[in-house]
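Now for the letters of each chain:
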Amino acid sequence: MTGRAEPVETGLALRGAATARERAGAHPIAGGTDTTVLGVYLFIASEAMFFAGLFAAYFTARTKYSTWPPGGIHLDLPLAAVLTALLVSSSFTMHGAVRAIRAGDRQRMIRWLTVTLVLGTLFLAGQAYDYATLGFGFTSGVYGAAFFTMTGFHGAHVLGGVIAMSVMLGRAGAGQFTAKHHAAIEGVSAYWHFVDLIWVLLFSTLYLLR
Amino acid sequence: MATTTLVRERVGYRSTLFEWLTTTDHKKIGVLYLTSSLIFFLLGGLQALAIRTQLAFPNQALLDHATYNDFFTIHGTTMIFLFAMPILSGLANFVVPLQIGAADMAFPRINALGFWMVPMGGLLIYATYLAGGAGIGWTGYVPLSDAGPGGVFGPGTGLGVDFWIMGLVFLGASSILGAINFLATIFKLRAPGLTMWRLPIFVWTVLVTQTLALFAIPVFTTALVLLFIDRNFTHGAFFNPAAGGNAILWQNMFWFFGHPEVYIMILPAMGVISEVVPVFSRKPLFGYKAFIGATIGIGLLAFGVWAHHMFATGAVYLPFFSFVTGLIGVPTGIKFFNWLATMWRGQISLKTPMLFAIAFLAMFLIGGLDGAVLAAVPFDYDVTDTYWVVAHLHYVLFGGTALGVFAGIYYWFPKMFGRYLDERLGQIHWLLMFIGVNLTFFPMHILGLEGMPRRIATYPATLDWPILNLLATIGAFVIAAGVAVFFVNLAISIRAGAPAPDDPWDAYTLEWATTSPPPPYNFDTLPPIRSERPLFDLKHGAASDGGALAVATVAAGAGGPGGEA
């Protein structure tokens, strides 16, 4: 006998009772979330805790100041609103890509994914412009440090998503991904939605709550 | 004896070294984890011996104070991040896929990456010694570990602290990758029939532990990143009050990770004990579901007690954290009830794994009670930062985790290498450890009650501090002798130990249903799984139908000592 076989029926009087699904002959854990996608979900959970730590530090630092942001700090709210619109719409285009490959239409997926990639890249370009034109820096006290640490780590995650999408496009161009086998696309999509959600929280915290 | 005798075809020659350096086999990675952890255990132990030698007599000057600070910092960091966590990951790596009837972990290459990040992180941690040291304690409290206005560092905390930070970020990333891998493995790769309520207890404890790691470690990473930025760019803006920062923020973030971390280190050791105690008592674990409930309960409570490390700051809400900390005693008490009721009227056989398990019960009970009284705020005020805390944490982590790990190594060594560890040397190892742990750490209770602060390099010849410290130092060398015996045992037994059959302990769980050592793909066939003890069912399920054993092809237990098949 080679490899892993199905359980051998021995006819033993076994101690435990079979579950309903086993009596029905079903594999007890077959189906459900794909292992790769589950791995991405778990990774996202750890990332959420990382950003939760940053938010906790931000709000703690804020309690010490009566005026916030501290004097002399001005943010570019219109630009940030445009960046928010870019990133939020990129979640919809990403979902379009996922729907396309679930339906088995690889060409349509490539188009939607390309649009998403462009939107992500535009966001990064806009953020770089924002960084260059803001009147304060990383070392301008706790506000500057918190602002650039939070948006910087988020930007790095956007960059990670852009790289992942490029890899996906390369693989799709090589003929990979079908309606049945596209776990990587689902994973990148989940990650991208997460990065988008973090930006919405950042935008609300840094620009709207003040 | 065994049917898993497929011989792999040799596809070209690959040296043993190349095989081990590039392996993605969970069993080899498990052994690599154990090896790396034991090396760091020796390094951390040497620093502990240096600390204890310095403290053997009052007013000694063997080590200068900065070196002493470096030693206790790196001793603590090593034992927690480079010994306790990775060695438990090593046992889990080897055992979990076997216990759930899987061929490997869910993500074998990420598994290899996660392991290799451990020695890398270790190198970064030890690079502190080349970069001016890091005398900040394993808790890295600010502002000592931070920079102040103008970028000035605290005394003895130069560039070395940056290496310490980077090393811990590395090790944290390794643990997060491991957590993702373990959780995906346990959720997705269980054998047919292995429902969650049939999982071996060790797998359950790993599941809860890795969930804690997944949610706690990233917050520590955030804190470390902010500390790094604070030191190098913003000069204390986050954490240093002198620069407008908030020192309590570091403590909150550190202990939000640090307390779950304690359970990350103890829960899998409890899992090992829960495998060993039933097998060597010849009974099923008493209260299987209650034990799982208690484990989950400890996991949940772990996130609500961090501020009990900060009572003395006056910056935390005492009643809440004191109450929740007291609550932890309930699930822990349930577990003691599980273990003792399992042993009650069992046919106890005092093999080395069981000796270590029993020692674990006694030592962890003392450590747990030490901690339970610390939950009472008035008492905590009295002994904060004294040797009472040192006694508590060492009873829990050395008397608990380390002895539990040794129980696991003696228990699974035959599965790993097909040979027993020597029983006589094991008994000597156990006896020296048991005496050494108590001799070293029990006097620290009295020192703590008498007010001796932790982390001081010298002390005056006052009260009975000299004799208690001398006893502790002698105890440390007794532990060292025990560890030496253990390494001799490893060196002898790995080559010349008595050959072990597939199921040497007449055990209950699936890892004993394959050969010792298992083939690369783990199983040819799996027995049917209808309970949390599938192998027991296979061997003893139908006494009237002995012929069925041969049909099941897994002749586990046959020929093993004590096998009843």
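Refer to the structure presented above.
Let me begin by describing the structure that accompanies this report.

The rules behind these values
- Residues numbered from 1 in each chain as written.
- Chains lettered and ligands numbered in written order.
- Predicted model: local features only at pLDDT ≥ 70, side-chain atom pairs only at ≥ 80, totals over all residues.
- Heavy atoms only, no water.
- Helix = DSSP H or I, 4+ residues; strand = E, 2+ residues; numbered from the N terminus.
- Buried < 20%, exposed > 50% of the residue type's maximum accessible area, 1.4 Å probe, protein only.
- Contact = heavy atoms within 4.5 Å.
- Areas by Shrake-Rupley, 256 points an atom, 1.4 Å probe, with all protein chains shown as cover.
- Phe/Tyr/Trp six-rings, centres within 6.5 Å; stacked < 30°, edge-to-face > 60°.
- Lys NZ or Arg CZ within 6 Å of the ring centre and 35° of its normal.
- Expected span 1.5 Å × (residues − 1).
- Patch = residues over 30% accessible without salt bridge, like charges linked within 9 Å, V, L, I, M, F, W, Y side chains within 5 Å.
- Salt bridge = Lys/Arg side-chain N within 4 Å of Asp/Glu carboxyl O.
- Axes fitted to C-alpha atoms, helices over the stretch in contact; angles between N-to-C directions.
- Parallel < 35°, antiparallel > 145°, perpendicular 65-115°, else oblique.
- Left-handed = near helix turned anticlockwise from the far one by under 90°.
- Nonpolar A, V, L, I, M, F, W, Y, C, P; charged D, E, K, R; others polar.

1. Quick word on the overall build of chain A
Counting its regular elements, chain A contains six helices and zero strands. Its helices and strands taken in sequence order, chain A reads α-α-α-α-α-α from the N to the C terminus. Counting only residues that meet the buried cut, chain A has 47% of its 210 residues in that class. Pairs at least 24 apart in sequence give 79% of the contacts found in chain A among residues at least 6 apart. With an accessible surface of roughly 9,800 Å², chain A has 64% of that area assigned to carbon and sulfur atoms.

2. With respect to the packing of aromatic side chains
By the definition in use, this model includes 67 aromatic pairs over all chains. Judged by centre distance (6.2 Å) and plane angle (55 degrees), the ring pair of Phe81 of chain B and Trp138 of chain B falls under tilted. Of this pair, Phe81 of chain B sits in helix α3 (residues 65–99) while Trp138 of chain B is found in the loop between α4 (108–126) and α5 (159–188), placing the two residues 57 residues apart along the sequence. Each member of the pair, Phe81 of chain B as well as Trp138 of chain B, carries the same accessibility label: buried. Connected via pairs of aromatic rings, a cluster forms that spans Tyr58, Phe59, Tyr65, Trp68, Tyr131, Phe136, Tyr143, Phe147, Phe148, Phe203 and Tyr207 of chain A. The ring of Phe153 of chain B has Arg231 of chain B lying over it, and the distance from NZ or CZ to the ring centre is 4.2 Å. The residue whose ring lies beneath Arg533 of chain B is Tyr508 of chain B, and the NZ or CZ to ring-centre distance is 4.4 Å.

3. Structural notes on helix α6 (residues 183–209) of chain A
Residues and elements named next belong to chain A. With 27 residues, α6 should cover 39 Å at 1.5 Å per step; its first-to-last C-alpha distance of 38 Å lies within 8% of that length. Here α6 lies mainly inside the structure; 19 of its 27 residues are buried. Arg210 sits one or two positions beyond α6 and adopts a positive phi of about 55 degrees.

4. Quick look at a nonpolar patch on the surface
Residues Phe323, Leu327, Val330 and Ile334 of chain B make up a contiguous nonpolar surface patch of about 350 Å² in total accessible area. Counting residues per element, the ones that place at least two in the nonpolar patch are α9 (318–327) and α10 (329–343) of chain B.

5. Digging into the packing of helix α7 (residues 247–281) of chain B against α10 of chain B
Residue and element names in this part refer to chain B. Across the interface, α7 lies against α10 with an axial gap of 9 Å and an inter-helix angle of 20 degrees. As far as their axial angle goes, α10 and α7 are roughly parallel. Considering only the axes of α7 and α10, their crossing is left-handed. The segment α7 lies against α10, with Leu267, Met270, Ile273, Ser274, Val277, Pro278 and Ser281 engaging Thr332, Lys335, Trp339, Thr342 and Met343. Class assignment of the residues belonging to the contact of α7 with α10 gives a composition of seven nonpolar, four polar and one charged.

6. A few points about the environment of Trp116 of chain B
Residue and element names in this part refer to chain B. By the element assignment, Trp116 lies in helix α4. Sequence spacing of Trp116 and Ile366 is 250 residues, and the spatial spacing of their C-alpha atoms is 36 Å. Those residues in contact with Trp116, other than ones at most four positions away along the chain, are Trp20, Leu21 and Leu32.

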